[in-house]
Every structure is written in C-alpha cells, then in structure tokens.
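These are the residues of each chain, in order.
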Amino acid sequence: MAEILAKVYDPSELEEKWYRYWEEQGLFRARADGARPPYCIVIPPPNITGSLHMGHALNNTLQDILIRYKRMEGFDALWMPGTDHAGIATQNVVERQLAAEGQDRHALGRDAFIERVWQWKAESGGHIITQLKRLGCSCDWSRERFTLDEGLSRAVREVFVRLYEEGLIYQGDYIINWCPRCQTALADLEVEHDPHDGHLYYIRYPLAEGQGAVTVATTRPETLLGDTAVAVNPEDKRYTKYHGATLRLPALGRLIPVITDSYVSPEFGTGALKITPAHDFNDFEVARRHNLPAVKVINETGHMTKEAGKYMGMERFVCREQILKDLKRDGLLAKVEPYTIHVGHCYRCKTVVEPLVSRQWFVAVKTLAEEALRAVEDGRTRLIPANWDKSYFDWMTNIRDWCISRQIWWGHRIPAWTCKSCGEIIVTREDPGACPQCGGASLNQETDVLDTWFSSALWPFSTLGWPDQTPELKLFYPTSVLVTAFDILFFWVARMMMMGLHFMGEVPFREVYIHALVRDPEGQKMSKSKGNVIDPLELMDRYGTDAFRFSLAAFAAMGRDVRLSEERIAGYRNFMNKIWNACRFTLMNLEGFDPRAASPDRPLTVVEAWCLSRLQRVIKETRARLAAYEFDQAAHTLYQFIWHEFCDWYLEFIKPQLYDKEDTASRRHCQEILLSVLSAILRLLHPFVPFITEEIWQKLPGQTGSIMAASYPQPDEKLLNPGAEAEMALVMEAITAIRNLRGEMNVPPGAQVEVHLRSEDAAPLEALDRHRHSVMLLARVQELHSNAGTIPTASAKAVVSGVEIFMPLTGIIDFAEEARRLDRELEKLGKDLSAAQRKMANEDFLAKAPAEVVQKEQQKLQAWTEKLTKLKTHRERIRELMG
Ligand SMILES: [Zn+2]
Ligand SMILES: [Zn+2]
C-alpha cells in the first residue's frame, strides 16, 4: 500500500535525511572488484581554504549527475574526492592568524609553523567537504584524499626523483614572478593583472657615436638600468638606419646594441623597445634568441643591486623617481603621457610583483608536452567542446619550462640536499644520511617547496594508489571523464596529461568536459570587488538543493557562459512543487494498489499508448543528451515532458478512470501503467534532483531500497506508437484551441459552452469523437457536435489540423459590455504607448540611461505595440459578432 507524501514539499527536511541514509547504506562506495565495468571521475580537488562558490556548485553538480547516471546504468562508478593543500593560499590564512596574534612564521620557525597549519586544517579545512555533501555529491568519501597526505606525498617524491634522474628536472636561472613582500616566487595564476593609471615615459638613448638618439617608451623607467639592448622591428623603415648601431644607456653610460626582432610592435610607443631580460618575461625570451646577457638590477626585497651603480640600495619606486629627475636634468626625458598599465600584483598581499631572474627548480616540459599534444590530436583524450583543441595545441606548442619551486613552507618540500663539503646535489627517495660523493654528513636540505600544481598534476593516478600497483589503479585508470572549468585547462588539465602519459603510459582521462563560468544575470564575472557574488548555500536554503541543481544543469549549455538568474531558479522550484504535487496525487490514487497482484489483461488505451510512446522518446533523448554532455538539453527534455505532457495532460486524461471505483479491472490496469510511468520519470530525474526523487521513490507501492540502486530507464522500441501520438496531439490541440477561444473571448471560466466541429475529412472528427469525454471535460464543453446542426452566426472560430472549431457566444458573453471594456483598455494602452514612444524619442534619455534600461524600455514598447494590435483585432471581431 502506498504511503502518502507530506502535503507540502519541504526540501530542508528531506535532504539531510536522505544524504545520511545514502551514506549509511554505503551507496556511494565503489566496489573495485572488477565485477562491473568501471566508470571513474576524479574531482577537481577544492582548496582546503575554500568555501563553496558558484563555480564549485556547477562543476560538482554536473559530476554528480554523470556519476549517479552511470551508477544506475550498472557501472562500478567511482567519484574520487579530495582536497588540495593550496600552498600559498593556506599559508596565507595561517599567516594572517599569526599576524593577528602579533606573531609571524619566522619567529615561530618552520616546523612549528607547519604544525600550526595542520592544526588549522584539522579545525577548519573540511568546510568545503561538508558543503559538497550539502549539494548532494555522491563521492566515495571512504577514499577521500589530500594532496599532502602520506600516500600522495610518496607519489610526489617518486615523481620528483624520477624526473630528476631522467634529467627532466633541473635548477636554473629563470625569470619568475616574485613578490618582494611575501619573499616568494609566484605562479602566473597567482599574479593579478588589473588596469591602473600610470605613465608612459619616452626616454632618449643617445647614439654612442655621432649625433642623435633612439627614443624608447617604457612604463617602468627604473628598469632601464638593466637594459642590454634596444630592439626594433626589422620591417620598420624608420629604424633601418640604426640597425647594428650602438647606444649609450642613460644614467649608467653602459653601451648596448640595437637589435632587430619581429616580436617588436611598430605601433607601441616609438616602435623602439628597451630590452630588460632580467625583469621582463618577453624581454627574457628576446634575450635568449639574441644571446643577450641578463643584468639583474632589482633584488628580492625590491631594492636596487650594485649593477644599478649609484642607485644601489634604493627601493625600486624611490629609484624610479630619482632616475626620472636625473633624466630630466640631462635632457633625456622626451615626454610623459598618461597610460593605462597592467601591473602584476601578488594575489595575496597586492604588492607589485617584480619579474626577476633567480635560481629555481624547473621541469623541462618540451618532450612531455609533445606527447600530451599528440594524445589529443589522435583522440586518445577528447576535449568537449572540441573548439578547445586549438587553444590546447597552441599552449602545448609554445609551452615554457615549468618553474616548480616556491619559497614558502606549506607544501611538499623539495627532496634535494646540497653537501656542504663538496657541493654535490643529492635527490633521493629516502632522506640521505651522508653525501654519496665525499661521505660528508653535513647536508643542507632545499628550503623551497613544490608548486601546488605539481601534486595536483598527479591526482588521477596518485589518488588511485600509485606508485603501488593497486587494483583501483588497474581498474579505474585511465579515468572516464574530467569535468572542469576552462580557467584551469592549462594549469591543471594540461599538466595532468603530461604527468599521466609520462608515468602511466596512458592518458589520465578519455574525455574532458569543459564547462563555462557562472556569471551574474548581466553576464558579468562574479567577484568580491564588484559585490555581485551569489552564495550557493543561500540559494540552496531558499529554493532547496534539488531546484538549485536542476537550475545549474538547465543553465549549462555547451560552450556558453552560465548566467545565473534567480527568477529561473524560482521557476525550477515551482517545477519541484509540480513534481511533488503530481506524485502526491498519483500516490493517493494508488492507495490499495498491490503491484504484485496479477493484472487483468487488456490492450493499452490510446492515451496510455501515447504516453508510453512519448516516454520512450524522452528516455532516448535524455540518454543521448547526457552522453553528449548536453546537460541543459537533458534537463529541458525532462522538464517539458513531465510538466507539459505528464502533469498537464496525462494525469487529466486518466482521472475519470482513476476515480471510477466500479470498473476495478480497468482502474487497476490504469494504475499499473501510471505507476510504471511515474517510476521511469523518477529514475530519469534522479541524477539531477536526487533528494525529492528518493523521497517519492521510497513511497511507491511495492518499492524497497534506494532509487540510487535502481536502473536508469531504457527505451523500449516496441512501445513507440506514432499513431497514438498523432491522435492525442490532435485531441490536445483541439482542447487547447477551445480553451484559447474561451480566453480570448473572455468567457467566464465556469461557463459551459457549446462547440461545433466541421471537417471535410472524417478521420480527425472520428478521432476527436473517440475522446469526446476528455474534450468536454477538459475544455468545459456541454455539447459537442461533429458535422451536425447549424452553426449560430455569433460564433468564435479556430482551426486545428483541418478541423474548424466554432464556439457560439450568444448568451455566453455580453457583446456590448465586452466592446466597452475593450474600448477602455484600448484607450489606456494607447496613452501608455505614446508615453513610452516619447521616452524613446528623447535623446537625452537615450544618451544618459544605462544600456539595459534602454533595452528594457525598447522591449516594453514592442510588447505594448503587439498587444495593441491584438486588442484592435479582437475589438474588430466583437464588432463583427455584434452584427
Ligand atoms: Zn605578496
Ligand atoms: Zn659531498
């Protein structure tokens, strides 16, 4: 016997209950026993400092949809969860705590500081995991990993040592982003580039011999002290005569050559570019091509080095002012222009980043990148959508060696030691006791730690147990799909490709589904500074997790940014209510129904045949859309079918049968079909909206166990019935047409009407006649005549599929009153419209109002114009009907 659902849908109560149930039942656990085909997704590990934002919510909802779907499909589905230690971000959080206590990490010491970070992690680091659970994520939490846990640290060490032994890790001078305040190298990602008001300084570099000078433009005059050349474009005719000339560096008098390089843009500044290899990334590359020396004039604390001559010891921005003074005095400052500059800032302390050359650890990525490029080229890994291929190829082709050392404490300490006696560098799997070269016992361990991305690059195999050959690794690697936002395609995905191919000999994932970013309703990127950040937790509180998840899926159109609209989330919340109410109605009408009892044999009714046929198509469509990662289309298909076919029509059509307590055989059969349709709908929906579907599923008659363990519906071709679909389409069209006539003509909702059908073709009339009870019930028709009787003159008319529908109006509406009402409405609309037109003709308004306001006004104007046309037509019809 069916249990009845609560009257009102209350998501908060359901969600907690079912999540606990799933965990207790072990339903998230992968078996890894090889009994079923494997399906595996590794989660993009959120930072332990993180808290769930919209990007996480979208990313993880999509993964959960896939994993729940595949689990229901009978796969041994593993969603591998975990978190990232997030080197700099985490160290920063704890440093701020220390600062608040009047302490700093240097006073505390390395070991005590790291201890303190672990303590912080134990207390606050699991926050985001709790939030992922709130979102309904069905990760296998029994396998949760952390990039700094013992196993993953062993994987990191093994990879480092092997790459070093293969000569793919080396130490070298390289230009890096450096934060003079944090005293650390920063990854490109850790540098924020915001536009600032600055200046463009035009500086004369005199020719060493003869008269004249070459003028260069720069935003950073203090770096001229480190210039080792001036470059011009070889095609730039203005500078042909200077090719090979020698210039005298202002302030220092050092001699530097004029070189040609096609990298130089003739359009920027004067077309002559100063080359400062030690303090500019592009210049560093130019210098490598031309074998120019790098002269480091700014040091790690942001002060000038001895190479800066008389400016030695000055802070870099103080030096800038001094140089400008000196240049002006010497008549070498040609002019100064205001200029918008994109200065790099440290993402955590906002200090201006200094690019500088320093001794760092690198991975030589060239060969690794070639293989990673080939793997996408030959389809071993497929990027979806495929238009990311080009960016991927470009990036892999132009890739620079990867600087992996970071001057912080929280992270994997680089396993390298230097012998104090002989200078030997020792890189080993076990901490060395003595120098293998000279036997000296005095060894210095490298103080740098590895870039956080180094450990996350190993994520797909390290989490499965590598370097041990575990059953999990054998079964689940390569993983099935990676779901990620495009902003970490290169920093993470590309590196996982390189490491996976190198250490496993196989790609880390067969497919990479790249989704867009979540933006605000205006299409703006969400950011704290803009104040347009929407908290997913708040939305879950307000609308329920299921409605929120369904919205995210419905927003996730391939290749397009997600514009979060709260209106639409509210709309999907209504959808949840609709599902709830329809299921509640169904369950009430399944009372006393025992699915195990033998069913009376009878053929399907046309209504049942239609609904089952449509259901098969919906199953097929949903599966195809999910297979193609078209989450929005899958959601849309389900939404349309459930709301606008199952709820709006099917339930209405079968009500008479359900209510008929006399004909028990027919009622029982109807219940049986209804239950099977409802069961399929719930299973189809489950990956999207897990909580509500579980709640209802558990109350279906005869149901035991979780919907998570049920099978995803398969389409049954035998149930496709185009004839029934066509017939019911006609019935629904006719009912809709009559309803529309009632609406247009302002027929009081309770009034019963008379309808005459006319057609040359007998077939549609016969079809409508077979469903006359439905037509009469659902369109409130008292008398339905087919090609019979005369049609009264004052009748409204519609046509569907060659059938003319007439609805006599005499005695139903008061024509004179209706005409007066329409005249009043026309008059008011006319006034509103001309006011709106005046507004749109007002140039002042157009010039001053924001674009969205003007656009809204334009839309309003258009809507009103359309409405006016409609009203006028309608007024005309009333006039005709009045005779
Ligand atoms: Zn900093
Ligand atoms: Zn030694």
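Every value quoted in this text rests on a predicted model; they were computed, and no experiment measured them.

Conventions adopted
Residues numbered from 1 in each chain as written. Chains lettered and ligands numbered in written order. Predicted model: local features only at pLDDT ≥ 70, side-chain atom pairs only at ≥ 80, totals over all residues. Heavy atoms only, no water. Donors = N, O, S within 2.8 Å, 3.2 Å for Na, K, Ca; no water. Tetrahedral: all angles 85-135°; square planar, octahedral: opposite > 155°, others 65-115°. Buried < 20%, exposed > 50% of the residue type's maximum accessible area, 1.4 Å probe, protein only. Phe/Tyr/Trp six-rings, centres within 6.5 Å; stacked < 30°, edge-to-face > 60°. Helix = DSSP H or I, 4+ residues; strand = E, 2+ residues; numbered from the N terminus. Lys NZ or Arg CZ within 6 Å of the ring centre and 35° of its normal. Pairing = 2+ DSSP bridges. Salt bridge = Lys/Arg side-chain N within 4 Å of Asp/Glu carboxyl O. Contact = heavy atoms within 4.5 Å. Axes fitted to C-alpha atoms, helices over the stretch in contact; angles between N-to-C directions. Parallel < 35°, antiparallel > 145°, perpendicular 65-115°, else oblique. Nonpolar A, V, L, I, M, F, W, Y, C, P; charged D, E, K, R; others polar.

A. Examining the coordination of the zinc ion (ligand 2) more closely. Within the protein, C419 (SG), C422 (SG), C435 (SG) and C438 (SG) serve as the donor atoms for the zinc ion (ligand 2), at 2.2 to 2.3 Å. Around the zinc ion (ligand 2), the 4 donor atoms sit at angles spanning 100 to 116°, and that spread fits a shape best called tetrahedral. The sequence pattern describing where the donors of the zinc ion (ligand 2) fall on their chain is C-x2-C-x12-C-x2-C. A relative accessible area of 4% places C435 in the buried class. Since its relative accessible area comes to 40%, C438 is described here as partly exposed.

B. How the structure looks around the coordination of the zinc ion (ligand 1). Coordination sphere of the zinc ion (ligand 1), protein contribution only: C179 (SG), C182 (SG), C346 (SG) and C349 (SG), at 2.2 to 2.4 Å. For the zinc ion (ligand 1), the 4 donor atoms in the first shell make angles of 106 to 112° at the metal, a pattern classed as tetrahedral. In the primary structure, the donors to the zinc ion (ligand 1) are separated according to the pattern C-x2-C-x163-C-x2-C. Owing to a relative accessible area of 0%, C179 belongs among the buried residues under this scheme. Among the residues examined, C182 registers a relative accessible area of 3% and is labelled buried.

C. Main features of the packing of aromatic side chains. For the structure on display, the rule yields 43 aromatic pairs. Taking the centre distance of 6.5 Å and the plane angle of 75° together, the rings of F585 and Y659 count as edge-to-face. Placement of the pair is F585 in helix α18 (residues 566-588) and Y659 in helix α20 (residues 631-659), with a sequence separation of 74 residues. In textbook terms, an aromatic cluster arises when at least three aromatic residues are bridged by ring pairs, as seen for F550, Y572, F575, Y639, W643 and F688. One cation-aromatic arrangement involves R68 over W22; the distance from NZ or CZ to the ring centre is 4.4 Å. Directly above the aromatic system of W409 lies the positively charged group of R105, at a separation of 4.7 Å from the ring centroid.

D. Structural context of the pairing of strand β11 (residues 255-260). The pairing of strand β9 (residues 229-232) with β11 spans 3 bridges and is classified as parallel. Paired with A231 across the two strands is I259, which belongs to β11. Of the pairings in the sheet, the one linking strand β10 (residues 246-248) to β11 comprises 3 bridges and is antiparallel in character. Its bridge partner lying in β11, L247 is registered against I256. Connecting β10 to the next strand, β11, in antiparallel fashion are 6 residues, including A251 with a positive phi near 70°.

E. Main features of the pattern of salt bridges. In total, this model carries 66 salt bridges according to the counting rule given. Linking E695 and K699 is a salt bridge whose minimum nitrogen-to-oxygen distance equals 3.1 Å. K699 matches E695 in its accessibility class, with the two residues each being buried. Salt bridges sharing common partners tie together R220, E222, R316, R320 and E354.

F. Molecular detail of the environment of A77. Along the chain, A77 turns up in strand β2 (residues 76-80). Taking the C-alpha atoms as reference points, A77 and E321, separated by 244 residues in sequence, lie 63 Å from one another. Those residues in contact with A77 that lie beyond four places of it in its chain are A30, Y39, I67 and R71.

G. Broad picture of the sheet that holds strand β6 (residues 184-186). Spatially, β6-β5-β14-β16 is the arrangement adopted by the 4 strands of the open sheet, whose pairing is antiparallel. Both outer strands of the open sheet, β6 and β16 (402-403), are each paired with one neighbouring strand and no more. Bridging between strand β14 (residues 354-363) and β16 involves 2 bridges; their strand directions are antiparallel. Counterpart to V363 in the pairing with β16 is W402.

H. Structural detail: the packing of helix α2 (residues 54-72) against helix α17 (residues 545-555). Following both chains from N to C, one finds α2 and α17 inclined at 90°, their axes separated by 9 Å at the closest point. Our classification of the angle between α2 and α17 gives roughly perpendicular. Facing M54, A57, L58, T61, L62, D64, I65 and R68 of α2, the residues of α17 in contact are F548, R549, L552 and A553. Taken together, the residues of the contact of α2 with α17 break down into 8 nonpolar, 1 polar and 3 charged.

I. Looking closely at the environment of F548. Turning to its location among the elements, F548 is positioned in helix α17. Classification of F548 by relative accessible area gives buried; the value is 0%. Residue contacts for F548: discarding those within four places in its chain leaves M54, A57, L135, P536, L539, M540 and I569.

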